Amino acid sequence: MSKFQLDSLIRENVKNITPYSSARDEFKDFNRDMVFLDANENPNENGVNRYPDPQQHTLKNAIAEQQSVAPGQLLLGNGSDEVLDLLFRAFCEPGVDNTITMPPTYGMYKVLACINNVENKEVLLTPEFELDTTGILTTVNSFTKIIFICSPNNPTGNSFEDIAIEKLLTNFSGLVVVDEAYIDFSKGESWATKLERFPNLIVTQTLSKAYGMAGIRLGICIASPAIISVLNKIKPPYNVNALTQDRALEGLQRKEKTNKEVETILRERSVLQNELSTIGFVHQVYPSNSNFLLAKVDDAGKRYNQLLKKGIVVRNRSTQPLCKNTLRFTVGTSKENAILLKTLKELD
Ligand SMILES: *Cc1c(COP(=O)(O)O)cnc(C)c1O
């Protein structure tokens with residue numbers, strides 16, 4: 001396998017782009033009291049009449065400090081979904097290149113591949129929900145640009161072994177994305193700590209899960225400054241709005257509250273795990289490093305509909321490979337979980 005060379009992975013049109021230079025990009029001296037007559041904004045102050053900082057300096061500084069990386073190693077997006085889409089658009093030539101995912105996993109990778117007219121090759125997890133590294137590496141061809149690893153994985157809940165991910169990082173000369181949407185619920189260390197060792201590694205995180213801010217849409221991409229500058233060339237100038245930047249900063253500053261909430265969710269998960277296992281029609285509850293549990297039941301369609309009638313919405317994952325008759329339960333508040341368990345125990 002040839003060595004990783006970022007330049008050879010970037011689409012030609014992206015290499016040749018002169019990025020749109022926004023009014024706020026050209027004028028970076030935010031500290032002085034200036035008269036802003038450059039962006040056709042309404043001059044009457046109301047808190048949001050100005051365009052937001054296109055590079056989100058304040059927010060990035062806070063995230064960089066928390067992650068022990070440089071601000072230049074961060075790209076922020078309108079949710080992880082935008083970050084993932086930018087990766088396709090920067091590196092995958094439509095109709096030519098391909099990506100690899102390992103179902104059962106997060107559905108957005110495949111959807112984004114479709115939207116971008118990029119072939120997505122699928123290499124199933126093993127029956128134990130582990131990575132088939134040999135299968136993945138034999139599926140790689142010279143047009144494979146990105147491998148998407150979701151760890152902890154949605155919907156199975158488990159994290160993949162470090163050695164398996166490392167094997168892919170060292171033996172594949174394209175980009176390896178590790179989606180860490182659920183990292184805060186896991187004991188494992190973030191792969192962001194290993195960016196120096198792996199120039200082809202891209203880590204994505206989000207404020208949607210542990211931080212409890214799915215509504216503001218903030219996704220985080222952590223990678224080498226070289227990769228980040230490619231993404232910066234193609235991102236929409238104002239992709240993270242001012243309200244989101246403000247709320248995200250507040251959220252990051254409540255680290256202790258977030259930690260407490262995560263601890264509570266983990267305690268609740270363990271109660272839910274134990275109780276679910278005692279229910280007759282629940283055949284298996286898979287171990288989880290996330291804020292949800294995947295369980296195999298006798299008849300997922302039937303149980304899903306019964307719960308729905310009682311006003312409880314869970315996720316039926318049965319259409320996913322290796323997930324026949326499985327339901328995914330998000331861990332709720334202790335009250336919500338009690339309602340779920342009581343309802344499940346009363347079903348005929
Ligand atoms: C929930 C989730 C995300 C979060 O996406 P956002 O767009 O940031 O809300 C990302 N990846 C996975 C695997 C998820 O389950």
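Structure first, text after, so check above.
To keep things clear, this report deals only with the structure shown in the data block. Remember, it's a predicted structure, so these values are computed and weren't measured experimentally.

Let's shift gears to the environment of Asn-120. Relative to the helices and strands, Asn-120 is located in strand β3 (residues 119-122). Exposure remark for Asn-120: the relative accessible area of 17% places this residue in the buried category. Separated by 19 residues in the primary sequence, Asn-120 and Thr-101 place their C-alpha atoms 7.0 Å from one another. Every residue in contact with Asn-120, bar those within four places of it in the chain, is listed here: Thr-99, Ile-100, Thr-101, Lys-110 and Ala-113. Side chain to side chain, Asn-120 and Thr-99 meet in a polar contact 2.8 Å long.

Quick look at the packing of aromatic side chains now. All chains considered together, the criterion is met by seven aromatic pairs. Here a set of aromatic residues connected by ring pairs shows up, and it is made of Phe-88, Tyr-106, Tyr-109 and Phe-148. A cation over an aromatic ring shows up here: Lys-194 above the ring of Trp-191, its NZ or CZ 4.1 Å from the ring centre.

Every one of the 13 residues lining the ligand counts as a neighbour, but Tyr-182, Thr-206, Ser-208, Lys-209 and Arg-217 are closest to it. For the ligand, an oxygen atom lies 2.7 Å from a polar atom in the backbone of Ser-80. A distance of 2.9 Å separates an oxygen atom of the ligand from a polar side-chain atom of Asn-154. Relative to its unbound accessible surface of 390 Å², the ligand loses 93% to contact with the protein. It is helix α5 (residues 79-91) that provides the largest number of residues to the shell around the ligand, a total of three residues. Residues of the shell around the ligand, tallied by class, amount to four nonpolar, five polar and four charged.

Here we come to the pattern of salt bridges. Tallied over the full model, the rule gives 16 salt bridges. Arg-89 is the partner of Asp-85 in a salt bridge, and the nearest nitrogen-oxygen pair spans 3.2 Å. One end of the pair is Asp-85 and the other is Arg-89, both in helix α5 and four residues apart, which spans about a single turn. Classification of Arg-89 as partly exposed rests on a relative accessible area of 35%. A salt bridge links Glu-275 to Lys-345; its shortest N-O distance comes to 2.6 Å. In this pair, Glu-275 sits in helix α11 (residues 255-277) while Lys-345 sits in helix α13 (residues 334-346), placing the two residues 70 residues apart along the sequence. For Glu-275, a relative accessible area of 29% gives the class partly exposed. Each of Glu-41, Glu-45 and Arg-50 takes part in salt bridges that share partners, so that together they form one network.

Rules and cut-offs
- Residues numbered from 1 in each chain as written.
- Predicted model: local features only at pLDDT ≥ 70, side-chain atom pairs only at ≥ 80, totals over all residues.
- Heavy atoms only, no water.
- Helix = DSSP H or I, 4+ residues; strand = E, 2+ residues; numbered from the N terminus.
- Buried < 20%, exposed > 50% of the residue type's maximum accessible area, 1.4 Å probe, protein only.
- Contact = heavy atoms within 4.5 Å.
- Polar contact = N/O pair within 3.5 Å; in protein donor to acceptor, adjacent residues only side chain to side chain.
- Phe/Tyr/Trp six-rings, centres within 6.5 Å; stacked < 30°, edge-to-face > 60°.
- Lys NZ or Arg CZ within 6 Å of the ring centre and 35° of its normal.
- Near = heavy atom within 4 Å.
- Areas by Shrake-Rupley, 256 points an atom, 1.4 Å probe, with all protein chains shown as cover.
- Nonpolar A, V, L, I, M, F, W, Y, C, P; charged D, E, K, R; others polar.
- Salt bridge = Lys/Arg side-chain N within 4 Å of Asp/Glu carboxyl O.

That is the geometry; function is a separate question.
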